[in-house]
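An overview of the molecular structure
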Amino acid sequence: MSENVQVVIRLRPVHTKTNFKVQNQTISTVEPPLRSFNFDHIFDTSSSQTDIPGELCSKYVLHALEGYNACIFAYGQTGSGKTYTMRGTNSNPGIIPLLCRDLFDALELDKTTVSSVSITYFEIYNEKLIDLLGDTSPRVRETNDKKTFVQDITTFKVNRVEEVLEYLSIGDSKRSVASTRMNMESSRSHAIFTLSIKQQEPDGSIRESDLKLVDLAGSERANATMGIDNGKRMKEGANINKSLSTLGRCISQLAKNSKHLIPYRDSLLTWVLKENLGGNSKTCMIACISPIDLEESLSTLRYATTAKEIKLRATMNEIVPNINEDMKAAVEAAASSRKELEMLKSEMSSLQSEYNIKSEQWKTHEKLLVRFNHITKLNDYLENQLTNEITKSQSLQNENKLSRLEMSNVQTALLGVVGALFSNNNHDTKIMEATKLVSDFDDFVSRLDDDIASFT
Ligand SMILES: Nc1ncnc2c1ncn2[C@@H]1O[C@H](COP(=O)(O)OP(=O)(O)OP(=O)(O)O)[C@@H](O)[C@H]1O
Ligand SMILES: [Mg+2]
């Protein structure tokens, strides 16, 4: 949904006669020719420093916490109160410190959200980006979706408003200011302070937003800014006017909803603020007026009237975890795990059966081994037996040889007896002795044959 740039007017107090009167949301010239302008809100000369933050800070803190990019920028002629409105003084703090306080108070109250805040602070001086919190050389880059951002800039994470205030005063001390005829402490640069807020909800959703708080340099006529070092002031003034007139052309084309290319690139200021001027942002312009200067004030009021017409398309920068998608992913993951498990199971069962086969083979092998051992033992035993039998056989053979020798001796003795028998007269006695000898010899031979038969 589109929404217009919010424009509020602030009139700085005057000690002399004022050229404007304020009634509710209308500001008009006091003297003819009568000119009237309507705005969202007008803070007149009597407004205190705390009136404006009271109206704006809580609103823009809320936008940022909701996840919208937002921007508040102060515009107006030199000396009209832009820096006073945005930064203020120690005793009268302006929008930046008061908004930071509101932001940290809100974050402190929210106990369920995990938040982080980081800051950057830089200025655009003579068409150059200068890091006010470090010594980097920042550059403006464009994302693929045509959004611009500042690259290589010193960024600090902050946890308390006191830390922010310290960084702010460090940055302010580096900011380019000079004394001019119109303003003792005139800003010679555009200062852009950015709060980047990230919040994570317990459901996992994340909101991110950038809140830019901009104190522009003042629109000025050359003679208004003369003082010391006029050459330098002239150059600064020319660059300031160049960027402010580009801002004016961008605003006027955006207000007309022009189909032409918006000239953001024509100045660094509009290039940095591209998204806040014509894109995804909730933007507020504070037009500061010094009511004693009629022409400059009318010019600012016309500028502000045009800005009111700009339509923005702020969208919440929120990433919500998609439960359905998550569930789907979980189911898919479970299915693929199950598949893997099935594969592992079948692999395991094939390994098991292979193991079983192997273990059967092993068992057979073991059985064979047992038998082999048994046979080996049997073989050893038989070999042993055989050796014994051979030894026995050899001793029997030896015995046989001896027996045969003995037999030969007996035969010889027998022949002797037979010879004696035939030579002697005692015939019968000798026959009886010889018969006995023959019979003994037969017994002996028969025993010997039995022995040999049992062995073979
Ligand atoms: N509403 C106000 N109440 C009191 N003093 C104010 C107010 N607005 C501005 N001043 C004072 O007027 C002077 C100029 O204001 P400031 O520096 O804010 O102007 P500026 O718009 O920032 O000018 P420049 O463009 O030159 O930077 C300062 O001294 C400031 O304190
Ligand atoms: Mg200023």
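Nothing here was measured: the structure is a model prediction, and the numbers come from that model.

Next up on the list: the site of ligand 1. Around ligand 1 sit 17 residues, and of these G81, Y84, S186, S187 and G218 come closest. At three residues, the largest contribution of residues to the shell around ligand 1 is made by helix α2 (residues 82–86).

A separate point is helix α1 (residues 51–65). Between the first and last C-alpha of α1 there are 22 Å, a value that for 15 residues agrees with the 21 Å anticipated at 1.5 Å per step. By the largest-angle criterion, C57 marks the main kink of α1, which is about 25°. Among all positions of α1, only I52, P53, L56, C57, Y60, V61, H63 and A64 are buried. The first or second residue beyond α1 is G67, which carries a positive phi of 100°.

Here we come to the confidence of the model for the chain. In regions of low pLDDT, the predicted coordinates are not meant to be interpreted in detail. The share of residues in the chain with pLDDT of 70 or more is 91%, and the mean pLDDT across the chain is 85. Of all secondary-structure elements in the chain, the lowest mean pLDDT belongs to helix α10 (residues 427–455), at 72, while strand β12 (residues 156–158) reaches the highest, 98.

Counting 76 residues, the largest nonpolar core has I9, Y60, I95, L99, M285 and A287 as its most contacted members. Apart from the residues within four sequence positions on either side, L99 is in contact with P53, C57, Y60, V61 and L213.

One open sheet holds the three strands; their spatial order is β3-β4-β5, and the pairing between them is antiparallel. Two strands lie at the open edges of the sheet, namely β3 (20–23) and β5 (36–38), each paired on one side alone. Going from strand to strand, the sheet's axes swing by 20° on average, the running direction of each strand aside. As defined by bridge partners, strand β4 (residues 26–29) adjoins β5 across three bridges and the pair is classed as antiparallel. Counted as the bridge partner of I27 is F37 from β5.

The rules we used
- Residues numbered from 1 in each chain as written.
- Chains lettered and ligands numbered in written order.
- Predicted model: local features only at pLDDT ≥ 70, side-chain atom pairs only at ≥ 80, totals over all residues.
- Near = placed C-beta within 6 Å.
- Helix = DSSP H or I, 4+ residues; strand = E, 2+ residues; numbered from the N terminus.
- Expected span 1.5 Å × (residues − 1).
- Bend = angle between axes of the 7 residues up to and from the residue.
- Buried ≥ 20, exposed ≤ 12 C-beta atoms within 10 Å, placed from the backbone.
- pLDDT = per-residue confidence, 0-100.
- Core = buried A, V, L, I, M, F, W, Y, C linked by C-beta atoms within 7 Å.
- Contact = placed C-beta atoms within 7 Å.
- Pairing = 2+ DSSP bridges.
- Axes fitted to C-alpha atoms, helices over the stretch in contact; angles between N-to-C directions.

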